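Analysis of the macromolecular model
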Amino acid sequence: MAEVRLPDGRTLEVPDGTTIRAITEQIGPQLAKAAVAARLDDRLVDVSTPVAGAAPLTVLTGKDPEGLEVMRHTAAHVMAEAICRLWPAARLVYGPTVRDGFFYDIDLDEPIRPEDFERIEAEMDRIVKEDVPITRIEMTRQEALERVSGDPYKTDNIQRADGEIISFYRHGDGFEDLCRGPHVPSTGRIGAFKVLSVAGAYWHGDASQKMLQRVYGTTWPTGKELRAYLDRLEEARKRDHRVLGRQLDLFSFHEEGPGFAFLHPKGMIVWNEIVDFWREVHRRHGYQEIKTPILLNESLWHRSGHWDNYKENMYFTVVDNTTYAVKPMNCPGGLLVYKTRKHSYREFPMRVAELGLVHRYEASGQMHGLIRVRQFTQDDAHIFCTPEQIEPEVIGVIDLVQEIYRAFGFEEYHIELSTKPEKHIGSDEMWEVATRSLAGALEHRGLAYQVNEGDGAFYGPKIDFHIADCLGRTWQLGTIQLDFSMPQRFELVFTDKDNTEKPPVMIHRAVLGSLERFLGILIEHYGGNMPLWLAPEQVRVLPISEKTLDYGQEVLTVLQQAGLRAELDRGDEKIGAKIARCHGDRVPYMLVVGPKEAESRSVGVRMRGSKATQTMTAGAFVAAAKEKIATKALE
RNA sequence: GCCAACGUAGCUCAACGGUAGAGCACUGGUUUUGUAAACCAGCGGUUGAGGGUUCAAAUCCCUCCGUUGGCUCCA
C-alpha cells in the first residue's frame, strides 16, 4: 500500500501504483476535474503518475502558481503543434514558460508575422477542442538520441539534459516533443490563451548562431483572467515614460540625435530636484565633487585600457591631427585630478563624486527612451582607500544607495554580484580579493544577491542594483565596482603611515546610475504622478470664472512668494474642465477660488486623484505644502 | 548589430491604387461658468527621406533614416 499525505494533514492509503488522477477522483469530482498536475514528494509530476510508498502529495490546479505554469508549458506545446500544422517545415527548438506566459523558439525560414497569430490561435483552438490526452514516454538517453537523430536542436537539448531517463510528451496522433514535463492531462486543459508577439532570438542566445523565431504567448485559467492580464498590459503602457514624457512635456527625442535626450523645462525641474537632493546626501556622506572634460586625448584611453577593451562603444573626433575620445566613463579624467598632488593615508577614504556626461555608442536596436541612451549623466564617484577600508566603504555605499532609493519610494530592487569576465585586466588574485570584499559587504548587511559569473567590468567585479520598469523589465541603476587595476596603470600612489608610497584601492560607484535612466524609471514608478517635491508644477489656481481671476492672481503671488511652483489657469472654461485638465497634467494640488473663497480670503484645496475638497487660508495651504516638500513626502 | 512590425496635422488615429479626414491641442469668437472636459468658426499635411512600378501611389516594390517588441550587449 502507498500512503499519501495531503496538505490538510489527512493521509490516504491506496494500493501501490494508483495514479494521482485516481486519488483526486477519490477526494472529489471537483478536484479531479480541476487537477492539472501535482507535487509528489517534492517533485512536479503529471496526474497520470502512479504513487508508491509514503509521500506528501499536493494536487495542483490552475489556481496554484505551479499549476498555472504547467498549463503555460503545455500551451507552449499546443502552440508548437499548431505552428507545425501550419508550417510543416518548422523545426522546434525550445519552449519554456516565462513570467505571465510562455514562448517557443522555432527554426523556420519563412517569417511568422503578427497577422498569422489568428491562424495560429484558430489551430490551437482546434487542438484544444480535440481534447486529446497528453502522454509521457520515457526512455534511456541513448534511445532518445536515436529517436531525434537528424534533429540538431533536440539532440542538443538531450545532450544538455540532466539524468539518464529522457522523456517525451505526445498528444494526438502525430505530435511529440522532447520535454521534461510535467504537462496537463489533455489538450483541452490549457485555459484561455493568446499569441502575443514574435521576435528573433539567437540559438543559445549566441549572436554567432542562427536566428530563430521566438513566438510569445500567454494563457490563464479563465478568459476573465486573460482579459484582466491584457488590461494590465494596457495600463502598464500608460505608465510608459516615453508616453508620459510627451504627454507631460518632460523630454523629447529627435531623428537628428538618436539616443540623445532633449530635456524640456518641466523635465529639468525634476532633474534639478533629483540633483539637489543627491548633492545634499553626498555632502552629508563625506563626498567632494569634481567635473572633468568630455573630450580627452586618445592616449589617455590607451593608458586606461579602454582603447583595448571598450573602443567599439566609443565616439572619436580628430582636431589638428590629434584624436580625441568622447569619454564613455569618468574614471580616467578623475585619475588625472588625483595625480595633481601627493596624497596621504590621512585623507583616506577619499570620496570624489562627479556628475559626468558620458557617451557610449549603443547598437541601434537597443535604445529605449530615456532608459537606454547614447548620452547620459552618471552620478559617478571614485573612492580612493586602503585595502582595509574596502569593506566599510562598500558598506557605506550600500547604505547610501538604500537611503536614496528609499527617498524615491523604491522598495523593490534586487542586487547582483558580477565576477571576472573573459576580457579583463589584472591578476586572478586581485579579482579574487576584490570579489570576496564585495560579497563580504553584502553579507555584512544581510542582503540577498544573485551571482552573475563572468559579468563584471573589464577592470573589476561589481555589485549592481536593479529595478523593474512598467512592463517588469529590470534595469541596472546603482553599481559598485572594485578596481585594483586602474591605479596601477596610472601609477597612483599615496603615502602610508610608514612613509612608503603604495597604490590606493579604487572603488567606482554610481547610485542612480544614469540620471536619464533614473528619471525614466522614476516616471514609470509614479505613473507620472510625481510626489510634491518633484512635481514640475506643484499647485494650480483655478478661478471659477474671470470674475475671480484677480483673487486667483493674488493667491498665485502668495504661492510663488512662498517658493512653490504654481500656475494660474486663466482660461474661460468651466471649473470641471479646468479640474480635468489638472488631472491630465498630474498637478498635485488644485486651488479652486470663486466668489465664496474671495469673500472669506480662502482657497478650496483639492488633491490630485481625490474628489474631496477642503477649505483653508492660502497661508495654511502653503505651510502644509512646504512641510510635505521638506519631508519629501511620498503622499 | 540581428529578426519582425510600424512611420499620415503638435498628439491619438482614419483613409489601404482614383489628387488626404476626425477628435484633442492651437487661434478667433460666443459663453462668465462651483469641482474629471460648454458651443461656433478658423489654422494646420510635398503622408519619415530618396528612388521605382502605374494613366494615377499615403496605399505596391527597393534603399536609407527613425521608432516599437524581442535577441545579443550595457548605466
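First, a word on scope: everything that follows refers to the structure included in this document. Along each chain, residue indices are assigned from 1 in the same order as the chain's sequence is written. Here the convention is simple: chains get letters from A, ligands get numbers from 1, in the order in which they are written. Thresholds applied to this predicted model are a pLDDT of at least 70 for local features of residues and 80 or more for the giving and counting of side-chain atom pairs; totals over whole chains, interfaces and linings are not thresholded and use all residues. Hydrogens and waters are ignored; side-chain quantities use all the structure's heavy atoms.

**Points about the sheet that holds strand E9 (residues 134-140)**
Applied cut-off: One requirement defines pairing of two strands: DSSP has to find at least two bridges between them. Working definition: helices are DSSP H or I runs of at least four residues, strands are E runs of at least two. Numbering for both runs from the N terminus. Angles shown run from 0 to 180 degrees and are taken between the N-to-C directions of axes, each axis being a line fitted to C-alpha atoms and, for helices, limited to the stretch in contact. By definition, residues are in contact when any of their heavy atoms lie within 4.5 Å.
With respect to topology, three strands assemble into an open sheet ordered E9-E10-E11, the strand pairing being antiparallel. Whereas interior strands pair on both sides, the edge strands pair on one side only; in this sheet they are E9 and strand E11 (175-178). Averaged over all pairs of adjacent strands, the angle between their axes in this sheet comes to 25°, without regard to strand direction. Pairing of strand E10 (residues 165-171) with E11 involves four bridges; the strand directions are antiparallel. Each residue of the ladder has a partner; that of Arg170, found in E11, is Glu176. In this fold helix H3 (residues 65-86) packs onto E9, E10 and E11, with an angle of close to 125° to the strand it touches most, E11.

**Remarks on empty space enclosed by the protein**
Filter applied, for reference: Both site types are read off a 1 Å grid over the protein atoms alone. A 1.4 Å probe that fits but cannot get out defines a cavity, while an open set with protein on both sides within 12 Å along at least five of seven lines defines a pocket; lining residues have an atom within 4 Å of a point. Grid points are joined across faces, edges and corners, and a volume is the space filled by probe spheres set on the points. Polarity classes work like this: nonpolar for Ala, Val, Leu, Ile, Met, Phe, Trp, Tyr, Cys and Pro, charged for Asp, Glu, Lys and Arg, and polar for all others, with Gly in that last group.
Within this structure, the stated rule accounts for two cavities of 30 Å³ or more. Of the pockets and cavities examined, the largest cavity occupies roughly 50 Å³. What lines the largest cavity is simply Ile425, Gly426, Met430, Trp431, Ala434, Tyr459, Gly460, Pro461, Phe484 and Ser485. Counted by class, the lining of the largest cavity contains seven nonpolar, three polar and no charged residues. The calculated volume of the second largest cavity comes to roughly 30 Å³. In terms of lining, the second largest cavity is formed by Pro543, Ser545, Glu546, Leu549, Asp569, Arg570, Gly571 and Lys578. A breakdown of the residues in the lining of the second largest cavity according to their chemical character gives two nonpolar, two polar and four charged.

**Section: the state of the cysteines**
Definition in use: In this description, a disulfide is simply a cysteine sulfur pair whose atoms lie within 2.5 Å. Only protein chains enter the accessibility calculation, which uses a 1.4 Å probe; a residue is then buried when its area is under 20% of its type maximum, exposed when over 50%, and partly exposed in between.
Using the criterion set out here, one finds zero disulfides in the structure. We note that Cys331 lacks a disulfide partner, and the nearest cysteine sulfur, in Cys385, lies 15 Å from it. Owing to a relative accessible area of 2%, Cys331 belongs among the buried residues under this scheme. Of the residues examined, Cys385 reaches a relative accessible area of 0% and is grouped as buried.

**What about the protein's contact with RNA strand B?**
Let me state the cut-off plainly: For this purpose, a residue is taken to be near a molecule or strand whenever a single non-hydrogen atom of the residue falls within 4 Å of it. In protein, a polar contact means a hydrogen-donor-capable atom and an acceptor-capable atom, both N or O and within 3.5 Å, with residues adjacent in sequence counting only if both atoms are side-chain atoms; elsewhere, any N or O pair within 3.5 Å suffices.
Neighbouring residues of RNA strand B: 59 residues in total, closest Tyr202, Ser364, Arg372, Gln476 and Asp572. Backbone atoms, meaning sugar and phosphate, make up 51% of the atoms of RNA strand B lying within 4 Å of the protein. Note that a sugar or linking oxygen of RNA strand B is positioned 3.3 Å from one of the backbone N or O atoms of Leu477. If you list the elements that add at least two residues to the surface near RNA strand B, you get strand E12 (192-202), strand E13 (211-220), helix H8 (241-247), strand E25 (474-483), helix H18 (575-584) and helix H19 (595-600). Examining the composition of the surface near RNA strand B, we find that seven residues originate from one element, H18, more than from any other.

**Focus on the side chain of Asn309**
Following the sequence through the fold, Asn309 ends up in helix H11 (residues 306-310). Judged by relative accessible area, Asn309 falls into the buried class, the value being 12%. In this structure the side chain of Asn309 is engaged in a polar contact, spanning 2.9 Å, whose partner is the backbone oxygen of Gly305.

**Examining the packing of aromatic side chains**
Heads up, the condition is: Any two rings among Phe, Tyr and Trp, with Trp reduced to its six-membered ring, count as a pair given centres within 6.5 Å; such a pair is stacked if its planes are under 30 degrees apart, edge-to-face if over 60, and tilted if neither. Here, a charge over a ring is recorded when the distance from Lys NZ or Arg CZ to the ring centre is within 6 Å and its angle to the ring normal is within 35 degrees.
What the rule picks out here adds up to 19 aromatic pairs. Between Tyr405 and Phe465, the aromatic rings sit 6.2 Å apart at their centres with planes inclined by 90°, giving edge-to-face as the arrangement. Of this pair, Tyr405 sits in helix H13 (residues 390-407) while Phe465 sits in strand E24 (residues 462-468), and the two are 60 residues apart along the sequence. Taken together, Phe277, Tyr405, Phe408, Phe410, Tyr413, Phe465, Phe518 and Trp533 form an aromatic cluster joined through their ring pairs. The residue whose ring lies beneath Arg72 is Trp220, and the NZ or CZ to ring-centre distance is 4.4 Å. Geometry around Trp533 places Lys632 over its ring, the cationic atom sitting 4.9 Å from the centre.

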